Amino acid sequence: MTPRFALYTLLLFVIVIYGFKRYSYYQSWRKWLVWTIVAALFFELLSRVFIYFFHNSMPGYHFLVPAFFIFYSTIYFKTLNFSRFRKVLFLFLTFLGISISIFNSLYIQKTDSFPSNGFLILSLLVITYSLMGFYNMLKNPGLQSPLKEPFFWFISGNLFFYSITFFVFAYFNPLLKKAGSIPDWSYNIIYVSNLGMYLCYLKCLMSGEKQPLINITNGK
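A. Local environment of the packing of aromatic side chains. This model, assessed by the stated rule, comprises 34 aromatic pairs. When the centroid spacing of 6.4 Å and the interplanar angle of 75° are considered together, the rings of tyrosine 76 and phenylalanine 151 count as edge-to-face. Linking tyrosine 76 in helix α3 (residues 59–79) with phenylalanine 151 in helix α6 (residues 150–170), this pair joins segments that are 75 residues apart in sequence. For tyrosine 76, a relative accessible area of 0% corresponds to the buried category. On the basis of relative accessible area, phenylalanine 151 is assigned to the buried category, the value being 0%. When the ring centre of tyrosine 191 is taken as origin, the NZ or CZ atom of arginine 4, which lies over that ring, is 4.2 Å away. Seen from the ring of phenylalanine 5, arginine 48 lies directly overhead, with NZ or CZ sitting 4.1 Å from the centre.

Printed below as a string of structure tokens:
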């Protein structure tokens with residue numbers, strides 16, 4: 001285990017421990033966020049197991065992508081006031097994304113390679129959700145600063161990570177196939193972006209724990 005990975009997993013452990021410590025104070029969407037981070041930690045550790053037994057960490061990420069489709073869509077459905085049409089639309093897009101991701105893992109980018117196609121589709125969906133979240137906050141401003149709103153930190157972390165890494169993931173497998181390796185700077189971008197996103201998640205879990213945001217969420 002490298003020092004970088006140790007720091008990353010330590011951060012996830014800290015967030016998970018903090019999240020469960022304050023779990024009873026959270027409205028349901030932040031409880032789902034805690035479990036999202038648990039899933040990320042589990043599959044990251046599972047990737048180390050795969051490295052030990054199969055000398056390849058990629059299989060774990062093929063399970064992570066469909067799981068993230070479910071977790072993120074559930075969180076945004078609980079926080080954004082979707083119309084009936086949008087609910088049906090995004091349910092369909094979520095199901096389609098999961099189906100394409102599974103098909104990709106079975107027939108295109110198999111479990112010995114990184115599922116970049118699945119991550120690209122997930123990124124597009126999460127970025128769309130996040131932009132809708134910002135639009136909701138602008139349309140329905142609260143009485144306090146956005147910096148004190150848990151939802152602001154959640155969508156900021158998502159937009160930061162998935163926007164930055166979108167192009168890195170897009171060229172991940174083609175570059176690996178052509179050049180035989182990935183430049184260190186691309187790994188650095190993914191690593192720093194990951195840390196930034198999870199620090200935003202931590203701030204989300206630390207902010208406004210006792211009161212749901214009525215103007216942003218549906219109160220669940």
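B. Inspection of helix α2 (residues 28–54) at higher detail. The end-to-end C-alpha distance of α2, which contains 27 residues, comes to 38 Å, matching closely the 39 Å that a straight helix rising 1.5 Å per residue would cover. Looking one or two residues beyond α2, the residue adopting positive phi is histidine 55, at roughly 60°.

C. Just the environment of methionine 206, in detail. As for its placement among the helices and strands, methionine 206 is situated in helix α8 (residues 184–206). Distance from methionine 206 to leucine 80, taken between C-alpha atoms, is 21 Å for residues 126 residues apart in sequence.

D. Focus on the side chain of serine 105. Here serine 105 is to be found in helix α4 (residues 84–108). Ignoring anything within four residues of it in the chain, the contact list for serine 105 reads His62, Lys110 and Thr111.

Thresholds applied
Residue positions are given per chain, counted from 1 along the sequence in the order it is written. Totals for whole chains, interfaces and linings use every residue, but because this is a predicted model, local features are given only for residues with pLDDT of at least 70 and side-chain atom pairs only at 80 or more, for both listing and counting. Side-chain metrics rest on all non-hydrogen atoms present in the structure, leaving aside hydrogens and water. Stacked, edge-to-face and tilted are the three classes for Phe, Tyr and Trp ring pairs, Trp counted by its six-membered ring, which pair at centre distances within 6.5 Å; planes under 30 degrees apart are stacked, over 60 edge-to-face, the rest tilted. Each helix is a run of H or I in the DSSP string that is no shorter than four residues. Each strand is a run of E no shorter than two, and both are numbered from the N terminus. Burial classes follow relative accessibility: with a 1.4 Å probe on protein chains only, a residue under 20% of its type's maximum area counts as buried, one over 50% as exposed, and anything between as partly exposed. The rule is short: NZ of Lys or CZ of Arg within 6 Å of the ring centre and within 35 degrees of the ring normal puts a charge over the ring. Expected helix span is given by 1.5 Å per residue-to-residue step, counting one fewer step than there are residues. Contacts are assigned to residue pairs that have any heavy atoms within 4.5 Å of one another.

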